[in-house]
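Chains, contacts and geometry: an overview
These are the residues of each chain, in order.
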Amino acid sequence: MEKIVLPDIEDIHILNVYVQNGGFTAAKKAFAQSTDDIIDQVKKSGLRGRGGAAFSAGLKWSFMPKSTDKPKYLCINGDESEPGSFKDRQVFECNPHQLIEGILITAYAIGAKVAYIYIRGEYHKWIKLMQKALDDAYAAGYVGEAMKQKFGTEFFCDIYIHKGAGAYICGEESSLMNSIEGKRGYPRVKPPFPAQNGLWGCPTTINNVETIANVPPIINKGWEWFSKIGEPKHPGTILFGVSGHINKPGVYELPSGTLLTDIIYNYAGGVPGNKKILCVIPGGSSMPPLRGDQLEGVKMDAESLKTVGSAIGTGGIIVMDEDTDLVTVLARISHFYHHESCGQCTPCREGTGWLEKILKRILAGNGSVSDIDLLITVANQIEGNTICALGEAAAWPVRFMVTRFRDYFEARVSKEVNLQVANKVHSMRHTEFPLAEVKN
Amino acid sequence: MNNTVFKFNPENIERINKEIQKYPLKQPAVMATLYIAQEQNGYISNEVIKEVATLLEMTSEEVLGVVTFYTMYYQKPMGKNHIQVCTNVSCMLRGGYDIWNQVKEKLGIDNMGVTGDQKFSLEEVECMGSCGTAPMLAVNEDYYENLTKDKVEKIINSLKNKN
């Protein structure tokens, strides 16, 4: 089976090996075509973002204004902080030059002269590896002003690494831009969208590392070739990171639409001790979890996962066996989102804290049946009421895990209704009605 | 300690100037500059904040805002070996909390604590991106993955015996 992003070529991370294997021929090919042609090919290939939202990459590029006197920027999102995701570090380590080539082609297509690779601060080792690759590419004339001569073109682009410092929220694109600008990583209100008003108020495109690493093969082998891999509506390969209760955890590059059970049992070696699966989170900790009995026939691509009530996210598959304590898991996930909430929006800042507190109360054995409804009420009041998607990221795991494992959670709480809490839930619900009317 | 004036050494000034060149303005270099300052000073003191602000033409408040937003800048001296244990979901499922408790007991300190000899400090961290090689811990910049209790014992003992 063909691998696109992480090919099985020894030492492909070394510049010479990459060049010997056809490296930078896609860039040369691209620079000989018009920028519209490049965007058109990527659009037709069906390449969708690999960072979570699965948005069409070509379409995103086409939002960049053609005529503007402002400089344009490209940001590569390598913040990779979603629990369960560990794929981009493989690209930095194993195939950095394909990422560099992808950046050059993308920058050319959107007209950016500067690109920033935002890498999370904890990835010291991978920042060094990526910087080494970048230094080599600069020295050989593939990046920077020297590329004019190397490729015989007027276009050139500089690439810099921007090191993060431990904030999950900086993986959100507008927060990432604020972080690059040297500010607190607060997400920005949209619109205006980055293509109009991004880094320093200039047109900006932000793409995930894996998305951009897919670009050179698309240019080289053609969009028809790419569009035929995997599921037609979400073509290509996806880097699936499998973790948790699994025999062979790791990153597996497989065509989109590969069966979830196939990934778990055939590629990742199944569950230790042949235990049954209680729960699987298919796309990183913020995506709706699936019950063990929901997994049969589930295909791993954006559209198929939507139909079963989850989402592809970053492709980080977290497997939990039958002995897992789901209340502990959910309390840990909620602690994470509480910790990472930037605090700008009240529903998220306060709501994530309440979710954590309620779950810890249940965990301590003091929960009552009204707490379960309270969790869902609080989650619903976060979702959709925040500037960025961290609200959804915090609400989804709670809402879906509690709904899908209702029996499990009910077994963990006292049957007696805590009147104080129940009244609170009731009054909170009551306030929703007039607000709903105002919205309409 | 708070009254000592902080100045970057010439080498670091050069590194900072290189960082500034990446951007059209000076402020974006603040994150890298703070890392360099932390390296030189051990932690981010008020004096460091003042110096960084002057250097990058920012206000001290803006610099402080950055320092407090990101978890990797420390406003107090940390140990020579800053141990970070991940306890997030994927690590937790594979024994992350066992490792956390083991390290806590072995060093006799809790979250964000520093040992009396300043040799170790401890931090419970969120996902470090090592879910496929869980459980994990990091000592300063280095990851130690696929941990077992034995491995942790060896790592900490070898650090204890080093100078």
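Only a predicted model underlies this, so the values are computations on that prediction, with no experimental measurement involved. (Residues numbered from 1 in each chain as written. Chains lettered and ligands numbered in written order. Predicted model: local features only at pLDDT ≥ 70, side-chain atom pairs only at ≥ 80, totals over all residues.)

**Thoughts on the overall build of chain A**
When helices and strands are tallied, chain A shows 20 helices and nine strands. Against the compact-globule benchmark of 22 Å for 440 residues, chain A has a radius of gyration of 23 Å, which places it among compact chains. The C-alpha extent of chain A, read off along each of the three principal axes, is 75 × 50 × 35 Å. The buried share of chain A, taken over its 440 residues, is 53%. (Helix = DSSP H or I, 4+ residues; strand = E, 2+ residues; numbered from the N terminus. Rg over C-alpha atoms; globule rule 2.2 N^0.38 Å. Buried ≥ 20, exposed ≤ 12 C-beta atoms within 10 Å, placed from the backbone.)

**Describing the interface of chain B and chain A**
At the junction of the two partners, chain B supplies 31 residues and chain A supplies 43 residues. When grouped by side-chain class, the residues that make up the side of chain B that touches chain A number 20 nonpolar, eight polar and three charged. (Contact = placed C-beta atoms within 7 Å. Nonpolar A, V, L, I, M, F, W, Y, C, P; charged D, E, K, R; others polar.)

**Regarding the domain arrangement of chain A**
Buried accessible area, meaning the area lost when the parts come together, often serves as the stated size of an interface. All names here are of chain A. Taken domain by domain, chain A consists of domain 1 (15–227), domain 2 (237–321) and domain 3 (326–439). Taken together, the contact between domain 1 and domain 3 spans nine residues of the former and eight residues of the latter. Class assignment of the residues belonging to the side of domain 1 that touches domain 3 gives a composition of six nonpolar, two polar and one charged. (Domains from an automatic or database assignment.)

**As for the confidence of the model for chain B**
This prediction gives chain B a mean pLDDT of 96; 98% of its residues lie at or above 70. This prediction of the complex comes with two scores: 0.95 for pTM and 0.97 for ipTM. (pLDDT = per-residue confidence, 0-100.)

**Quick look at the domain arrangement of chain B**
Per the domain assignment, the segments making up chain B are domain 1 (10–69) and domain 2 (81–161). One C-alpha centre belongs to domain 1 of chain B, the other to domain 2 of chain B, and the line joining them spans 29 Å.

**Digging into the sheet that holds strand β9 (residues 316–321) of chain A**
Residue and element names in this part refer to chain A. The sheet built from five strands is open, its strands ordered β6-β5-β9-β7-β8 with mixed pairing. Unpaired on one side and paired on the other, β6 (250–255) and β8 (290–291) mark the two borders of the sheet. Examined bridge by bridge, strand β7 (residues 277–281) and β9 share four bridges and lie antiparallel to one another. In the strand pairing of β9, Cys279 is matched with Met320. Relative to β6, helix α13 (residues 260–267) is tilted by about 130°, and along the sheet it contacts β5 (237–244), β6, β7 and β9. (Pairing = 2+ DSSP bridges. Axes fitted to C-alpha atoms, helices over the stretch in contact; angles between N-to-C directions.)

**Some words on helix α9 (residues 173–180) of chain A**
All names here are of chain A. For α9, a buried count of eight out of eight residues is recorded, marking the element as mostly surrounded by other parts of the structure. The complete set of buried residues in α9 reads Glu173, Ser174, Ser175, Leu176, Met177, Asn178, Ser179 and Ile180. On the buried face of α9, the contacting elements are β1 (73–78), β2 (114–119), β3 (158–163) and β4 (204–208). Looking one or two places after α9, you find Gly182, whose phi comes out positive at around 85°.

**Some points on the sheet that holds β1 of chain A**
Residues and elements named next belong to chain A. Strand order in the open sheet formed by four strands is β3-β2-β1-β4, with parallel pairing between adjacent strands. Only two strands of the sheet have a single partner each, and these edge strands are β3 and β4. On average, each strand axis in the sheet is inclined to that of its neighbour by 20°, with strand direction left out of account. As paired strands, β2 and β3 are joined by six bridges and run parallel to one another. Looking at β3, one finds that Ile119 is bridged to Lys163. With respect to the sheet, helix α6 (residues 96–110) is in contact with β1, β2, β3 and β4, its orientation differing from that of β1 by roughly 145°. On the sheet, helix α7 (residues 124–139) packs against β2 and β3 and is oriented at approximately 170° with respect to β3.

**Focus: the confidence of the model for chain A**
Confidence in the prediction of chain A, expressed as mean pLDDT, is 95, and 96% of residues score 70 or more. Segment residues 430–440 of chain A is flagged for pLDDT under 50; beyond a separation of four residues in sequence, or across chains, it makes zero contacts in the model.

**Overview of the packing of helix α2 (residues 30–41) of chain B against helix α4 (residues 60–69) of chain B**
All names here are of chain B. Their axes nearest at 11 Å, the elements α2 and α4 cross at an angle of 75°. As judged from the angle between their axes, α2 and α4 are roughly perpendicular. Where α2 abuts α4, its residues Val30, Met31 and Leu34 lie against Val63, Val66 and Val67. Residue classes in the contact of α2 with α4 are distributed as six nonpolar, no polar and no charged. (Parallel < 35°, antiparallel > 145°, perpendicular 65-115°, else oblique.)

**Thoughts on the environment of Val5 of chain B**
With respect to the element layout, Val5 of chain B can be found in the segment before α1 (10–20). Taking the C-alpha atoms as reference, Val5 of chain B lies 45 Å from Gly132 of chain B; in sequence the two are 127 residues apart.

**A closer look at α6 of chain A**
Relative to the 21 Å expected for 15 residues at 1.5 Å per residue, α6 of chain A spans 21 Å between its end C-alpha atoms, a close match to the ideal helical length. Trailing α6 of chain A by a residue or two, Gly111 of chain A shows a phi angle of about 80°, which is positive. (Expected span 1.5 Å × (residues − 1).)

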